[in-house]
Amino acid sequence: MPKLRGEAFWRETLRSAHYVVAPMVDQSELAWRLLSRRHGAQLCYTPMLHAQVFLRDANYRRENLYDEACPEDRPLIVQFCANDPDVFVQAALLAQDYCDAIDLNLGCPQMIAKRGHYGAFLQEEWDLLQRMILLANEKLSVPITCKIRVFREIDKTVKYAQMLEKAGCQLLTVHGRTKEQKGPLAGVASWEHIQAVRLQVYQQLREELAKVKTLEGIVDVNRELKLRCQEEIANQKEGEKPKEGLPFFHWICQPYIRPGPKERCKENGANEKGARGKRALEEEEDGNAELLSKNKQKKKLRNPNKSFDPSLKPKYAKCDQCGNPKGNKCVFNMCRGCCKKSAFKATADCPGHGLLFKTKYEKSLSWQSSQRVIQNPEVSRRGDVDVGETAVLKEAGASAV
């Protein structure tokens with residue numbers, strides 16, 4: 001039977017275990033594992049075994065693994081500590097028939113691990129770890145897994161996990177503490193580090209998608225992603241709920257409902273009075289700096305004496321049509337926009353807004369008449385005589401009356 005990898009290994013061999021008993025020194029022997037399984041544990045680890053001792057001492061092998069083998073104690077992962085690729089692989093070959101996977105402990109922070117040069121004190125030796133995982137992945141008939149501790153930097157932790165994954169690690173356990181966090185200095189685990197590593201699911205496909213330059217490459221990545229999702233759907237158990245807080249599983253398009261203004265105010269911790277939307281002129285926010293816009297806060301920093309208190313602002317008369325502030329010297333008692341429309345329709349002037357439609361119209365008529373005089377002087381003289389005669393006739397008529 002071919003060696004299962006990745007998601008298939010987790011689903012089929014480890015049976016999608018959700019309740020796991022972690023390895024504990026001098027505690028995780030067979031009796032404890034069977035008791036844990038009786039109370040719901042789905043996956044167990046052996047105590048950490050020293051690869052060098054396991055390889056050379058037959059009694060050590062018999063007492064810690066061979067004599068404890070039983071069908072009820074599966075799935076089971078055997079954990080080793082090691083710092084030599086050949087020793088690690090030879091010890092794992094002796095144990096692979098009694099377990100479902102081999103785990104390399106890279107998370108032990110104790111002083112004995114420092115003296116023996118294994119556990120978390122190997123996390124800076126990436127070349128050595130890569131050779132160990134590559135060789136184990138090549139020689140063993142069962143998958144290789146790892147347990148690690150994090151670095152202080154999240155980016156370095158993610159690269160560390162990616163290196164182990166590329167070397168052949170099929171399952172990675174992340175302890176969200178650094179190797180210095182132990183005993184009274186243990187502190188709180190960093191879930192940010194764990195989440196950053198967890199989000200690397202399908203990271204390889206993302207990297208391939210970023211590198212492709214042809215339509216065929218995009219189709220290949222899409223096909224691989226589709227196959228992975230179909231595999232997850234096929235292995236999905238009835239009643240299983242989506243992870244990461246999603247309403248549906250990640251292969252289903254997630255719904256999005258745009259929140260209304262009141263809901264957004266509640267999310268941002270603001271009350272209804274603090275909501276800033278379209279408002280009338282008189283509904284300005286008060287002088288509280290928490291409710292000021294960013295632009296006004298910058299003005300406040302430049303001029304600390306500046307006040308945005310609406311009671312100190314002058315009250316403006318409203319436009320007769322739209323309600324915006326009207327011009328103080330407007331002939332029509334309107335704002336500039338409404339005044340411009342009214343003055344244009346009525347061919348009138350508004351000196352207050354600098355709108356001179358009537359004046360400009362009269363000037364254009366005057367200019368047009370002067371152009372006609374220049375072009376036809378005889379007609380203009382005749383027109384002057386006619387105008388003079390008409391004026392004399394009007395005066396005569398008036399005197400007669």
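Above this note sits the structure.
Bear in mind the structure is a predicted one, so any value in this text is a computation, not a measurement. (Residues numbered from 1 in each chain as written. Predicted model: local features only at pLDDT ≥ 70, side-chain atom pairs only at ≥ 80, totals over all residues. Heavy atoms only, no water.)

**Student:** Help me understand the overall build of the chain, please; the structure alone is not making it clear to me.
**Tutor:** Helix and strand content of the chain: 16 helices and nine strands. For the chain, the residues scored as buried account for 33% of the 401 residues in total. Counting contacts in the chain only where the partners sit at least 6 residues apart, residues at least 24 apart contribute 55% of the total. As presented, the chain carries roughly 26700 Å² of accessible surface, and 54% of it is formed by carbon and sulfur atoms. (Helix = DSSP H or I, 4+ residues; strand = E, 2+ residues; numbered from the N terminus. Buried < 20%, exposed > 50% of the residue type's maximum accessible area, 1.4 Å probe, protein only. Contact = heavy atoms within 4.5 Å. Areas by Shrake-Rupley, 256 points an atom, 1.4 Å probe, with all protein chains shown as cover.)

**Student:** Would you take a moment to explain the pattern of salt bridges for this structure?
**Tutor:** Two side chains of opposite charge can pair, provided their charged atoms sit close to one another. Counted according to the given criterion, the structure contains eight salt bridges. Asp73 is paired through a salt bridge with Arg33; the nearest N and O atoms lie 2.8 Å apart. Here Asp73 is found in the loop between helix 4 (58–64) and strand 4 (76–81), whereas its partner Arg33 is found in helix 2 (residues 30–38), with 40 residues between them in sequence. Neither residue differs from the other here; Asp73 and Arg33 are each classed as buried. For Lys156, the salt bridge identified is with Glu124, shortest N-O distance 3.4 Å. Taken together, the positions of Lys156 in helix 8 (residues 154–167) and Glu124 in the loop between helix 6 (111–116) and helix 7 (126–139) put the pair 32 residues apart, joining distant regions of the chain. The class for Lys156 is partly exposed, based on a relative accessible area of 28%. The structure contains a network of salt bridges with shared partners spanning Arg33, Arg37, Glu68 and Asp73. (Salt bridge = Lys/Arg side-chain N within 4 Å of Asp/Glu carboxyl O.)

**Student:** What exactly am I supposed to notice about the packing of helix 7 against helix 8 here?
**Tutor:** Axes are the key here: two packed helices are described by the angle between their axes and the distance separating the axes. Where helix 7 meets helix 8, the closest approach of the two axes is 8 Å, and the angle between their N-to-C directions is 30°. When the interaxial angle is binned, helix 7 and helix 8 end up roughly parallel. Taken together, the residues of helix 8 that come into contact with helix 7 (itself represented by Trp126, Leu129, Gln130, Ile133, Leu134 and Asn137) are Lys156, Lys159, Tyr160, Met163, Leu164 and Ala167. By residue class, the composition of the contact of helix 7 with helix 8 is eight nonpolar, two polar and two charged. (Axes fitted to C-alpha atoms, helices over the stretch in contact; angles between N-to-C directions. Parallel < 35°, antiparallel > 145°, perpendicular 65-115°, else oblique. Nonpolar A, V, L, I, M, F, W, Y, C, P; charged D, E, K, R; others polar.)

**Student:** Hey, could you run me through the packing of aromatic side chains in this one?
**Tutor:** Centre distance and the angle of the planes are the two values used to describe a pair of aromatic rings. According to the stated counting rule, one finds nine aromatic pairs in the structure shown. On the basis of an interplanar angle of 80° and a centroid distance of 6.5 Å, the ring pair of Phe80 and Phe88 is categorised as edge-to-face. What makes Phe88 buried here is its relative accessible area of 0%. A network of ring pairs unites the aromatic residues Phe54, Tyr60, Tyr66, Phe80, Phe88 and Tyr98 as a single cluster. (Phe/Tyr/Trp six-rings, centres within 6.5 Å; stacked < 30°, edge-to-face > 60°.)

**Student:** How do you make sense of the environment of Gly40 when you look at a structure like this?
**Tutor:** Its location among the elements puts Gly40 in the loop between helix 2 and strand 2 (43–45). Residues Gly40 and Val21, spaced 19 residues apart in sequence, show a C-alpha to C-alpha distance of 10.0 Å.

**Student:** Would you explain the pairing of strand 5 (residues 101–106) in this entry?
**Tutor:** The side chains of a regular strand alternate between both faces of the sheet. With six of six residues buried, strand 5 lies mostly within the body of the structure. Side chains Ala101, Asp103 and Asn105 of strand 5 all project onto a buried face; the interleaved residues Ile102, Leu104 and Leu106 project onto the opposite face, where all are buried too. Summarising the sheet, strand 4 and strand 5 pair through four bridges and their orientation is parallel. The residue bridging Phe80 from the neighbouring strand is Leu104, located in strand 5. A crossover connection joins strand 4 to the parallel strand 5 through helix 5 (residues 85–95); in handedness this β-α-β unit is right-handed. By the bridge criterion, five bridges tie strand 5 to strand 6 (residues 144–149) in an arrangement that is parallel. Bridging across to strand 6, Leu104 finds its partner in Cys146. (Pairing = 2+ DSSP bridges. Right-handed = clockwise from strand over helix to strand, strands pointing away.)

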